[in-house]
Amino acid sequence: MKYLFALVFIGQFCYSQSPYPQDYFRNPLDVTLVLSGSFAELRSNHFHSGLDIKTQQRTGLNVYTAAEGYVSRIKVSHYGYGKALYITHPNGYVSVYAHLKKFAPEIEKYVKACQYEKESYEVEMFPSPNELPVAADEVVAFSGNSGSSGGPHLHFEIRDNEERPINPMLFGIDIKDTKRPFISAVYAYPKNRNSHVEDSKTRKELRLIPLKNGDYNTEPIEALGEIGFGIVSYDQQDLAHNKNGLNNIQTFYNGNKSFEMDFKRFSFNETRHLNRYIDFEIFKEKKSRVQKLFVQSGNTLSMLKDVDNHGYIKVEDSTNSVYKVRLRDFKGNETWLSIPIKGKPAKEVLEAPELKPNTYILANQVNELEQNNVKVYFPKNTFYDDFHIAFDVSNDTLKLHRDVVPLTKSYTITYDIKNYADDEKDKLFIASLYGYYQRPNYISTKRIGNLLSARTKSLGTFALARDTVSPTIQPVNFQDGKWLSKLSHLKVKIDDDLSGISNYRATINGQWILMEYDYKKDTLTYDFQDNISTTTENNLKIIVTDNVGNSTTFETTFYRK
Ligand SMILES: [Zn+2]
């Protein structure tokens, strides 16, 4: 009796000690929660740090604070989160609202004062707790599509007091989901030369058999030695067709757990290991994200748990065994995959295809490559594995392997441009060449004397490019010398062909004005409500500069009363 009581007590104790307060945070919108992106779903170079909430294909919806607190950070940037608001709550959690169109009037005023003081659209502020307090259910902003957002939505996050994003659904934010995760591909990965799958010593795609009940099998496979597996899998919620991420993946070999990935929470400083977690080569070549259900060196993702033999199984000769994968979404809908395995030696000794060696990279050392006028410097541990890197320089084109190897950090490319004429040197930059047509893409380039250097986090093909053409500036909604009394905004289109826009500066009658740059529409917009022009005759001047310093000045006169 005593024993039973203790059990019940412990059960209740654990429940009440749930680390995440329930019903504390509300839906930040007043429309039904429909997601276009889920927490920790797989994105380019990172796990998604929040929920992407649909805003009915519109901008301007009220955004409510998820709970009372104070505005502790505001960031306005051209890219990334665009206009973003951070609210700190009394319980230590921080809620984040991004890609906003505008802030609520009091916050908007605070931001504009800072922008006019710094004469910059891009600003970051850390208000003190008493400056911008917010009450529960207060409207703090309006939803938008600012920054690197591909369509109107609200990006919403909850972070703990160590800046780690946590799945907001753990706080009771509810999204309807009765659908089970689905699988679209499965791969086997022999770990080394002593193992094989179906006589292959390298990655092998297995044929997936969907079952009537929603689970999956593969045909029995013949294998031996240490083997890992990888899957392509998604979850869908009831109210949208978007392919979202899972909440948990576990694997079992003959009933024993061998691997778990739990997508509850992560740190920003580990999010890049996503490139180690997925099969980066398949992603680069087919745009498909295979999640590897085993842990390779250097992958320190905290979401990986309870690992036995790093998730690899050991298949013994003349045995029958079964490998199972359990996929779960946040609502607990689950899908199983079973892979029957027969232990058998390979029919013949098959060797992995040999790469043509050029230069061998030792991952745990500094690696320096040099040819003609180009030097490449990889700091220690830029790579996860040792490998043969393909390296070649001819006519200023640097071929540095292919962009199929994941990197943990940036490395440096340096070109010596002493053979160029002095007037040309100013206009040169280092470009990465991408796509079928090998289009040059500016990468941030610094020049010291005859040395041009750039840092990047991808391998691939690079070249020197020259930009001698200045940006263009064209009025969109006004003409020179006209009355513009009825206009609420001034809009111009700006563009630069090769190196891209670096900065811009606009004034009316010599006074700096705030122009919002929308890089997706190539526009600069001024809002007359900012109240800068006060005279009848006004001079608008805009200077736009590209990344190698070519600049264009646009001037016009307009009248207003
Ligand atoms: Zn997002």
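The structure displayed is predicted, hence computed values, not measured ones. (Residues numbered from 1 in each chain as written. Predicted model: local features only at pLDDT ≥ 70, side-chain atom pairs only at ≥ 80, totals over all residues. Heavy atoms only, no water.)

A closer look at the overall build of the protein chain
Turning to step 1, where the next piece is worked out: Scanning the protein chain from terminus to terminus reveals five helices and 47 strands.
Turning to step 2, where the next piece is worked out: The principal-axis extents of the C-alpha atoms in the protein chain amount to approximately 90 × 75 × 40 Å.
Turning to step 3, where the next piece is worked out: For the protein chain, the residues scored as buried account for 50% of the 561 residues in total.
Turning to step 4, where the next piece is worked out: A separation of at least 24 residues holds for 67% of the contacts in the protein chain among residues at least 6 apart in sequence.
Turning to step 5, where the next piece is worked out: Counting 70 positive and 69 negative side-chain charges, the protein chain places the centres of these two groups 2 Å from one another. (Helix = DSSP H or I, 4+ residues; strand = E, 2+ residues; numbered from the N terminus. Buried < 20%, exposed > 50% of the residue type's maximum accessible area, 1.4 Å probe, protein only. Contact = heavy atoms within 4.5 Å. Lys, Arg positive; Asp, Glu negative; His and termini not counted. Charge placed at Lys NZ, Arg CZ, Asp CG, Glu CD.)

What about the nonpolar core?
Turning to step 1, where the next piece is worked out: By size, the foremost hydrophobic cluster in this structure holds 104 residues, and its most contacted members are F47 and Y277.
Turning to step 2, where the next piece is worked out: Counting residues per element, this core draws most heavily on strand β19 (residues 221-234), which supplies five residues. (Core = buried A, V, L, I, M, F, W, Y, C linked by side-chain atoms within 4.5 Å.)

Quick look at the sheet that holds strand β36 (residues 445-448)
Turning to step 1, where the next piece is worked out: The strand order across the open sheet formed by five strands is β28-β29-β33-β37-β36, and the pairing between neighbours is antiparallel. Edge positions in the open sheet fall to β28 (367-371) and β36, since each of these has one partner strand only. Neighbour-to-neighbour, the strand axes of this sheet turn through a mean angle of 20°, independent of strand direction.
Turning to step 2, where the next piece is worked out: Across five bridges, β28 lies against strand β29 (residues 374-378) in antiparallel orientation. Along β29, the bridge assignment pairs E370 with K375. (Pairing = 2+ DSSP bridges. Axes fitted to C-alpha atoms, helices over the stretch in contact; angles between N-to-C directions.)

Overview of the side chain of S146
Turning to step 1, where the next piece is worked out: Topologically, S146 is positioned in the loop between β11 (139-143) and β12 (153-159).
Turning to step 2, where the next piece is worked out: Of the polar contacts made by the side chain of S146, one reaches the backbone oxygen of L100; its length is 2.7 Å.
Turning to step 3, where the next piece is worked out: Other than its neighbours up to four places away in sequence, S146 contacts G80, Y81, G82, K83, H99, L100 and K520. (Polar contact = N/O pair within 3.5 Å; in protein donor to acceptor, adjacent residues only side chain to side chain.)

A short note on the pattern of salt bridges
Turning to step 1, where the next piece is worked out: Applying the stated rule across the entire model yields 32 salt bridges.
Turning to step 2, where the next piece is worked out: With its nearest N and O atoms 3.0 Å apart, the salt bridge here joins R43 to D52.
Turning to step 3, where the next piece is worked out: Residue classification places R43 among the partly exposed positions, given a relative accessible area of 23%.
Turning to step 4, where the next piece is worked out: Classification of D52 as buried rests on a relative accessible area of 6%.
Turning to step 5, where the next piece is worked out: The shortest N-O distance in the salt bridge between D174 and K331 comes to 2.4 Å. Residue D174 is located in the loop between β13 (165-166) and β14 (182-190), and its partner K331 is located in the loop between β25 (320-328) and β26 (334-343); the two are separated by 157 residues in the primary sequence.
Turning to step 6, where the next piece is worked out: Each member of the salt-bridge network shares a partner with another, and the members are R203, D279, E281, E285 and R402. (Salt bridge = Lys/Arg side-chain N within 4 Å of Asp/Glu carboxyl O.)

Focus on empty space enclosed by the protein
Turning to step 1, where the next piece is worked out: Enumeration over the complete set of coordinates arrives at two cavities of 30 Å³ or more.
Turning to step 2, where the next piece is worked out: Considering only enclosed or pocket space, the largest cavity measures out at about 100 Å³ in volume.
Turning to step 3, where the next piece is worked out: Around the largest cavity, the lining residues are S38, F39, N167, M169, D177, D235, Q237, G245, L246, N247, D329 and F330.
Turning to step 4, where the next piece is worked out: Residue composition of the lining of the largest cavity, grouped by class: four nonpolar, five polar and three charged.
Turning to step 5, where the next piece is worked out: Computed from the structure, the second largest cavity encloses a volume of approximately 50 Å³. (1 Å grid on protein atoms, 1.4 Å probe; cavity = no way out; pocket = protein on both sides within 12 Å on 5 of 7 lines; lining within 4 Å. Points joined across faces, edges and corners; volume = space filled by probe spheres on them. Nonpolar A, V, L, I, M, F, W, Y, C, P; charged D, E, K, R; others polar.)

Examining the layout of surface pockets
Turning to step 1, where the next piece is worked out: Approximately 720 Å³ is the volume found for the second largest pocket.
Turning to step 2, where the next piece is worked out: Surrounding the second largest pocket, 30 residues form its lining, K83, K101, E516, D518 and T525 being those nearest its centre.
Turning to step 3, where the next piece is worked out: When contributions to the lining of the second largest pocket are tallied by element, the ones reaching two or more residues are β8 (94-103), α2 (105-118), β41 (489-495), β44 (516-518) and β45 (523-527).
Turning to step 4, where the next piece is worked out: Top element by residues in the lining of the second largest pocket is β45. It accounts for four residues.

Notes on the coordination of the zinc ion
A metal bound by six donors in octahedral fashion has ideal angles of 90 or 180 degrees, whereas one bound by four tetrahedral donors has an ideal angle of 109.5 degrees.
Turning to step 1, where the next piece is worked out: For the zinc ion, every protein donor is listed as H48 (NE2), D52 (OD) and H155 (ND1), and the spread of their distances is 2.0 to 2.2 Å.
Turning to step 2, where the next piece is worked out: Each donor residue of the zinc ion lies on the same chain, and together they follow the pattern H-x3-D-x102-H. Note that H48 is positioned in the loop between β3 (46-47) and β4 (51-54) and H155 in strand β12, a separation of 107 residues in sequence.
Turning to step 3, where the next piece is worked out: On the basis of relative accessible area, H48 is assigned to the buried category, the value being 3%.
Turning to step 4, where the next piece is worked out: Overall, H155 belongs to the buried group, its relative accessible area being 3%. (Donors = N, O, S within 2.8 Å, 3.2 Å for Na, K, Ca; no water.)

Describing the packing of aromatic side chains
Turning to step 1, where the next piece is worked out: Counted under the stated rule, the structure contains 27 aromatic pairs.
Turning to step 2, where the next piece is worked out: Centroid distance Y20 to F171: 5.3 Å. Interplanar angle 70°. Geometry classified as edge-to-face. Residue Y20 is located in the loop between α1 (2-16) and β1 (35-37), and its partner F171 is located in the loop between β13 and β14; the two are separated by 151 residues in the primary sequence.
Turning to step 3, where the next piece is worked out: Residue classification places Y20 among the buried positions, given a relative accessible area of 12%.
Turning to step 4, where the next piece is worked out: Relative accessible area serves as the criterion here: at 0%, F171 is assigned to the buried category.
Turning to step 5, where the next piece is worked out: Feature note: the residues Y20, Y24, F25, Y93 and F171 constitute an aromatic cluster, connected by ring pairs.
Turning to step 6, where the next piece is worked out: A cation over an aromatic ring shows up here: R26 above the ring of Y64, its NZ or CZ 4.2 Å from the ring centre.
Turning to step 7, where the next piece is worked out: Taking the ring centre of F283 as reference, the NZ or CZ of K287 above it sits at 4.8 Å. (Phe/Tyr/Trp six-rings, centres within 6.5 Å; stacked < 30°, edge-to-face > 60°. Lys NZ or Arg CZ within 6 Å of the ring centre and 35° of its normal.)

A look at unusual backbone geometry
Turning to step 1, where the next piece is worked out: Positive phi, normally seen in glycine, also occurs at D137, with a value near 65°.
Turning to step 2, where the next piece is worked out: Judged by its relative accessible area of 49%, D137 is partly exposed.
Turning to step 3, where the next piece is worked out: Here the phi dihedral of H310 falls at roughly 55°; this positive angle occurs in a residue that is not glycine.
Turning to step 4, where the next piece is worked out: As for its placement among the helices and strands, H310 is situated in the loop between β23 (304-305) and β24 (313-315).
Turning to step 5, where the next piece is worked out: We classify H310 as partly exposed; its relative accessible area is 45%.

Considerations on the sheet that holds strand β38 (residues 460-466)
Turning to step 1, where the next piece is worked out: Strand order in the open sheet formed by five strands is β31-β32-β38-β34-β35, and the pairing between neighbours is antiparallel. Both edges of this open sheet fall to β31 (391-394) and β35 (439-442), since each of them pairs with a single strand only. Direction aside, the axes of adjacent strands within the sheet are offset by 30° on average.
Turning to step 2, where the next piece is worked out: Pairing of β31 with strand β32 (residues 397-400), which is carried by four bridges, proceeds in the antiparallel orientation. In the strand pairing of β32, V393 is matched with L398.

Taken by themselves, the reported measurements are silent on function.
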